[in-house]
Amino acid sequence: MQVLKFGGTSVGSAERMQALVKLVANPHPKIVVLSAMSGTTNALVEIANALYNKEPGKANELIKKLEEKYLTEVAKLYKAEVSLNKGKQLINYHFDYLRSFTLDMFTSNEEKAILAQGELLSTALFHFYLEEIGVKSVLLPSLNFMRIDENEEPDLTYIENNLQLELAKNQEANLFITQGYICRNAFGEIDNLKRGGSDYTASLIGAAIRAEEVQIWTDIDGMHNNDPRVVNKTHPIHELSFDEAAELAYFGAKILHPTCILPAQKRNIPVRLLNTMQPQAKGTIITSSNHNTGIKAVAAKDGITAINIKSGRMLLAYGFLRSVFEVFERHKTPIDMITTSEVAVSLTIDNATNLPAIIKELEAFGNVEIDKDQAIICIVGDFSGEKKGYANKVFDALKEIPIRMISYGGSAHNISVLVNGDQKKDALIALNKGIFNYN
Ligand code: ADP
Ligand code: ASP
Ligand code: MG
């Protein structure tokens with residue numbers, strides 16, 4: 001069994017949905033994971049914000065605008081009157097549900113339910129389309145099997161057991177369609193795997209069913225050597241190891257959800273990145289083996305906060321770092337980069353929600369300084385063989401960029417540097433020139 005995930009642009013219009021048929025309508029057994037049509041989740045976020053700010057008029061307007069888009073697309077998607085009516089009824093049902101919140105109370109639970117509507121719509125509309133053209137498929141409700149636990153981590157045993165139950169209901173079927181991104185939480189409420197989470201759904205399903213391969217179909221021909229939204233010239237990388245892909249995803253390569261590689265890696269399931277607009281393109285294959293060494297790609301993650309703790313007490317003190325780490329553990333805040341000197345430690349966090357409480361506790365150790373709006377530039381490759389020259393190449397390329405922190409040696413495939421957020425673009429351009437010879 002394969003898992004094929006199609007992102008927002010791949011299901012973004014009637015035309016795009018129709019084009020998917022040639023990729024999914026073959027006898028090979030598969031689970032197809034769909035995102036919401038492009039722009040939908042952003043629109044749902046806006047609707048939820050309007051409701052949260054007690055602006056029902058604005059929310060209604062936004063709901064109407066989004067509904068019109070869906071009505072236009074279904075009119076193009078279906079030929080038969082019956083399917084068109086089914087599509088319209090579905091749209092009616094979901095948009096009436098959204099409108100019900102303009103009259104009722106609104107809490108964060110309802111916000112999650114609102115965000116779930118996009119994937120519920122796209123999967124049902126596609127399923128009806130397959131039905132219209134005579135391609136048999138089964139709609140799998142991901143809310144029946146996809147679950148996160150109290151720590152917001154996927155509960156793989158639950159997912160595995162409940163997905164098997166759903167699949168067993170349709171033993172004859174070879175084409176299943178399900179929603180990416182959405183799940184239930186430990187309390188059974190509707191929740192989600194965070195923005196971009198459909199990739200994560202696909203990888204979790206792949207791990208749960210021990211799929212032969214997970215394919216992530218998107219609007220670009222694989223993982224590129226640099227961020228194509230920032231620099232002009234980039235090229236696809238045909239092979240990556242799980243570790244390299246995980247670093248790139250975590251440090252900002254938007255093509256993959258930050259944690260999507262881990263479930264596939266755990267069960268050694270290859271992940272292939274492919275382009276729906278160019279299905280013949282080779283894309284990227286991500287596996288446990290690594291054939292090429294050297295620097296392969298760079299990525300950047302912004303909105304990073306750097307924290308510096310200067311402490312006389314650190315001098316020769318064992319247990320100091322443990323005490324510092326415990327503060328972050330108590331506040332469930334992961335640390336990305338860390339550097340130490342004899343009298344100070346600098347570290348970075350991505351999620352600054354609990355920053356005030358963290359600072360308060362850290363001040364017990366010494367003087368604490370904060371730099372907001374920093375960016376981590378991550379240089380990824382396989383540096384395990386020939387260890388000479390990589391760092392030199394990176395720092396030579398970045399010689400004009402002020403660097404705040406450096407991390408090298410934590411693993412054999414990552415060099416990270418911290419720069420001011422407004423230097424991110426220049427740093428990526430400089431690396432594209434210095435490492436990949438693009439002007
Ligand atoms: P989808 O909606 O299919 O999930 P995304 O927009 O989440 O697609 O991811 C694909 C986009 O990721 C590409 O259009 C590209 O602009 C962006 N991207 C950022 N960094 C990279 C990279 N290193 N390689 C490929 N794409 C990247
Ligand atoms: N629709 C969700 C989002 O836009 C999930 C996804 O596309 O992966 O974030
Ligand atoms: Mg995505």
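My aim in this report is to walk through the structure given alongside it, one point at a time. (Residues numbered from 1 in each chain as written. Chains lettered and ligands numbered in written order. Predicted model: local features only at pLDDT ≥ 70, side-chain atom pairs only at ≥ 80, totals over all residues. Heavy atoms only, no water.)

The next point concerns the site of ligand 1. Close to ligand 1 lie 16 residues; Lys5, Thr218, Asp219, His224 and Lys254 are nearest. Contacts to ligand 1 include Lys5, whose side-chain N or O atom sits 3.0 Å from an oxygen atom. In this structure, an oxygen atom belonging to ligand 1 sits 3.4 Å away from a main-chain N or O atom of Ile255. Here ligand 1, which alone exposes 570 Å², has 86% of that area covered by the protein. (Near = heavy atom within 4 Å. Polar contact = N/O pair within 3.5 Å; in protein donor to acceptor, adjacent residues only side chain to side chain. Areas by Shrake-Rupley, 256 points an atom, 1.4 Å probe, with all protein chains shown as cover.)

Our focus in this paragraph is the nonpolar core. Grouped together as the largest cluster of nonpolar side chains are 55 residues, with contacts concentrated most on Met223, Leu256, Val271 and Ile286. Ranked by residues supplied to this core, first place goes to helix H8 (residues 198–208) with 6 residues. Every residue in contact with Met223, bar those within four places of it in the chain, is listed here: His235, Pro236, Ile237, Leu240, Leu248, Ala253, Ile255, Leu256, Leu273 and Thr284. (Core = buried A, V, L, I, M, F, W, Y, C linked by side-chain atoms within 4.5 Å. Buried < 20%, exposed > 50% of the residue type's maximum accessible area, 1.4 Å probe, protein only. Helix = DSSP H or I, 4+ residues; strand = E, 2+ residues; numbered from the N terminus. Contact = heavy atoms within 4.5 Å.)

Right, let's talk about the pairing of strand S2 (residues 30–34) for a bit. For S2, the buried fraction is high: 5 of the 5 residues fall into the buried class. Neither face of S2 is open: one carries Lys30, Val32 and Leu34, the other Ile31 and Val33, and all of them are buried. Of the pairings in the sheet, the one linking strand S1 (residues 2–6) to S2 comprises 5 bridges and is parallel in character. By the bridge assignment for S2, Phe6 is matched with Leu34. In this fold, the crossover linking S1 to S2 by way of helix H1 (residues 14–24) has right-handed handedness. Two strands pair when backbone bridges link them, and S2 and strand S4 (residues 175–179) are joined in this way by 5 bridges, in the parallel orientation. Residue pairing for S4: Leu34 is matched across the bridge by Gln179. (Pairing = 2+ DSSP bridges. Right-handed = clockwise from strand over helix to strand, strands pointing away.)

A separate point is the pairing of strand S16 (residues 414–420). Burial within S16 is extensive, with 6 of its 7 residues counted as buried. With 7 bridges connecting them, strand S14 (residues 367–382) and S16 associate as antiparallel partners. Within S16, the position partnered with Gln374 by the bridge is Asn420. Across 4 bridges, strand S15 (residues 405–408) lies against S16 in antiparallel orientation. Bridge pairing in S16 places Met405 opposite Leu418. The turn joining S15 and S16, which pair antiparallel and follow one another in sequence, is formed by 5 residues; a positive phi near 100 degrees is taken by Gly409.

In short, shape yes, function no, at least from these values alone.
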